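Listed here are the chains, written in short residue letters.
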Amino acid sequence: FRSAGVLSADGIIPMARTLDSAGVMANCFSNALAVYGAMRDDAFGTELISLEAAKTSELKLAVNTANRETVSKGQLDFLETFLEQVKTEGGKVDDLLQAPTPWQAVIMKWEFKPHLEEYLRTSNASRKTLKEIVAYYESHPETMMKYGDNLLRSALEETQQGISAQPYLTAMLEREKMRERVLRELKDYDAAIMTGPSNIMHFCGLPCVTVISSTERENHVKRGLILYGADERRLYKAALAIEKIVN
């Protein structure tokens, strides 16, 4: 459960400030929503604590079909069963393609070093720069480099020009254009459901939630649905309705 830029990121070690967001974890969406409402500490947060679920007959859902072919049959069957129930009760369901974008990795790569070092300068950490961290990793490979340090090295060596460099500026411009397009595509829907992997909601800074069901996989992990939307209130009302349907 997260909504970019709403909760304070103070004290959180940054990956990329543009994309980072604080969120809430709980055993169900309704509990997470109540905690999130309290953490907001504003009028909308107070409203969220007693927010009512949307009526199933009034739901307007989009299904993001990006990377659908990578999803297991069990998860697809679970999704289809849920969607059929929504449609049977009068809700609207449409397919929508909002594919993942490679520009997210560009922003993460270029923001990581300056934002991390800004955080470290005011911390009690003994190492204040990414260069010092990489050196420590590489001097302790048995304990610190189980998965290598390619991403750290890349952020250190390939972003010397800083966030005024053209690759970063281009990525930020693409984000602005993509956010405008995605919001336009979502304006008529309460929520979009992620099918296969997509980073589009994180890249655009949209509110995103996970609704857990009572249906278990073979390994006893419960199935769930990842939702995102253009409007927080509509998204959360839809999520509350969906939580009732799948449990």
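Further up the page is the structure itself.
What you see is a predicted model, and the numbers here were worked out from it, not measured in a lab.

Bringing the packing of aromatic side chains into the picture now. Per the stated rule, a full pass over the model turns up two aromatic pairs. A ring pair is formed by Phe29 and Tyr236, whose centres lie 6.3 Å apart and whose planes are at 45°; its orientation type is tilted. In this pair, Phe29 is assigned in helix H1 (residues 29-40) and Tyr236 in helix H10 (residues 232-245), connecting sequence segments 207 residues apart. The same class applies to Phe29 as to Tyr236, namely buried. Centre to centre, the rings of Tyr36 and Tyr236 are 6.0 Å apart; their planes meet at 80°, and the pair counts as edge-to-face. Of this pair, Tyr36 sits in helix H1 while Tyr236 sits in helix H10, and the two are 200 residues apart along the sequence. This pair shows no difference in class: Tyr36 is buried, exactly as Tyr236 is.

The pairing of strand E4 (residues 208-216) with strand E5 (residues 222-228) spans six bridges and is classified as antiparallel. By the bridge assignment, Thr210 is partnered in E5 with Ile226.

Their axes nearest at 9 Å, the elements helix H4 (residues 103-121) and helix H8 (residues 166-186) cross at an angle of 135°. Relative to H8, the element H4 lies oblique. Two packed elements cross with a definite hand, and for H4 against H8 that hand is left-handed. On the side of H4, the interface is formed by Trp103, Val106, Ile107, Trp110 and Glu111, while H8 contributes Pro167, Tyr168, Thr170, Ala171, Met172, Glu174 and Arg175.

By secondary structure assignment, the location of Ser213 is in strand E4. A polar contact of 3.1 Å, which involves the side chain of Ser213, links it to the backbone nitrogen of Thr215. Only 2.8 Å separates the side chain of Ser213 from the backbone oxygen of Arg223, close enough to count as a polar contact. Leave out the neighbours within four places in its chain, and Ser213 touches Phe78, Lys222, Arg223, Gly224, Val246 and Asn247.

Analysis parameters
Residues numbered from 1 in each chain as written. Predicted model: local features only at pLDDT ≥ 70, side-chain atom pairs only at ≥ 80, totals over all residues. Heavy atoms only, no water. Phe/Tyr/Trp six-rings, centres within 6.5 Å; stacked < 30°, edge-to-face > 60°. Helix = DSSP H or I, 4+ residues; strand = E, 2+ residues; numbered from the N terminus. Buried < 20%, exposed > 50% of the residue type's maximum accessible area, 1.4 Å probe, protein only. Pairing = 2+ DSSP bridges. Axes fitted to C-alpha atoms, helices over the stretch in contact; angles between N-to-C directions. Parallel < 35°, antiparallel > 145°, perpendicular 65-115°, else oblique. Left-handed = near helix turned anticlockwise from the far one by under 90°. Contact = heavy atoms within 4.5 Å. Polar contact = N/O pair within 3.5 Å; in protein donor to acceptor, adjacent residues only side chain to side chain.

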